[in-house]
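Residues per chain, in single letters:
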Amino acid sequence: MSTLTLLLTALAGVLFLATVISIHLSCVTARNKDIPRWIFALGGACLVVATAAVLTFF
């Protein structure tokens, strides 16, 4: 596994964790139960980075 793949995998993990924490904070603890658009953007960035990590692995 190359260094780039390892870094992209770690970044995808951090983005995934940030997405889950953001959804929890906005849906569970807030009165307004709508998910803000920036959380969808954060999740999309997580998917893009994870895809790049998989592509660099092969």
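Everything in this summary refers to the structure shown in the same document. Residue numbers here run from 1 along each chain, matching the order of that chain's written sequence. Side-chain atom pairs in this predicted model are given and counted only at pLDDT of 80 or more, local residue features only at pLDDT of at least 70, and totals for whole chains, interfaces and linings cover all residues. Each side-chain value is derived from all of the structure's non-hydrogen atoms; neither hydrogens nor water enter the calculation.

Description of helix 1 (residues 3-27)
No. 1: If you check helix 1, its first and last C-alpha atoms are 36 Å apart, about what 25 residues at 1.5 Å a residue would give, namely 36 Å.
No. 2: What helix 1 keeps buried is the set Thr5, Leu8, Ala12, Leu15, Thr19, Ser22 and Ser26.
No. 3: Looking at the buried positions of helix 1, the neighbouring elements they touch are helix 2 (37-57). Secondary structure elements are defined from DSSP: runs of H or I of at least 4 residues count as helices, runs of E of at least 2 residues count as strands, and each element is numbered from the N terminus. To estimate the expected span of a helix, count its residues, drop one, and scale the result by 1.5 Å. Only protein chains enter the accessibility calculation, which uses a 1.4 Å probe; a residue whose area is less than 20% of its type maximum is buried, one above 50% is exposed, and one in between is partly exposed. Here, two residues are considered to be in contact whenever any of their heavy atoms come within 4.5 Å of each other.

Some points on the nonpolar core
No. 1: Here the nonpolar core consists of buried residues drawn from Ala, Val, Leu, Ile, Met, Phe, Trp, Tyr and Cys, with membership extended through side-chain atoms lying within 4.5 Å. Counting residues in hydrophobic clusters, the biggest one holds seven residues: Leu8, Ala12, Leu15, Leu42, Cys46, Val49 and Ala53.
No. 2: Elements with a contribution of two residues or more to this core: helix 1 and helix 2.
No. 3: Residue contacts for Leu8: discarding those within four places in its chain leaves Val49, Ala52, Ala53 and Thr56.

Details of the packing of aromatic side chains
No. 1: Any two of the Phe, Tyr and Trp rings considered here, Trp counted by its six-membered ring, make a pair once their centres fall within 6.5 Å; the pair's planes then place it as stacked at under 30 degrees, edge-to-face at over 60, or tilted in between. Scanning the model with the defined rule gives one aromatic pair in all.
No. 2: For the pair Phe57 and Phe58, a centre-to-centre distance of 5.3 Å together with 75° between the ring planes defines the contact as edge-to-face.

As for the packing of helix 1 against helix 2
No. 1: Angles run from 0 to 180 degrees between N-to-C directions of axes, and those axes are lines fitted to C-alpha atoms, restricted for helices to the stretch in contact. Where helix 1 meets helix 2, the closest approach of the two axes is 8 Å, and the angle between their N-to-C directions is 160°. Relative to helix 2, the element helix 1 lies roughly antiparallel. Considering only the axes of helix 1 and helix 2, their crossing is left-handed.
No. 2: Its residues assigned to classes, the contact of helix 1 with helix 2 comprises 18 nonpolar, seven polar and no charged. Should an angle fall under 35 degrees it is called roughly parallel, over 145 degrees roughly antiparallel, and 65 to 115 degrees roughly perpendicular, with every other angle called oblique. Crossings are assigned a handedness: left-handed for a near helix turned anticlockwise from the far helix by less than a right angle, right-handed for a clockwise turn. Three classes are used: nonpolar for Ala, Val, Leu, Ile, Met, Phe, Trp, Tyr, Cys and Pro, charged for Asp, Glu, Lys and Arg, and polar for all others, with Gly counted as polar.

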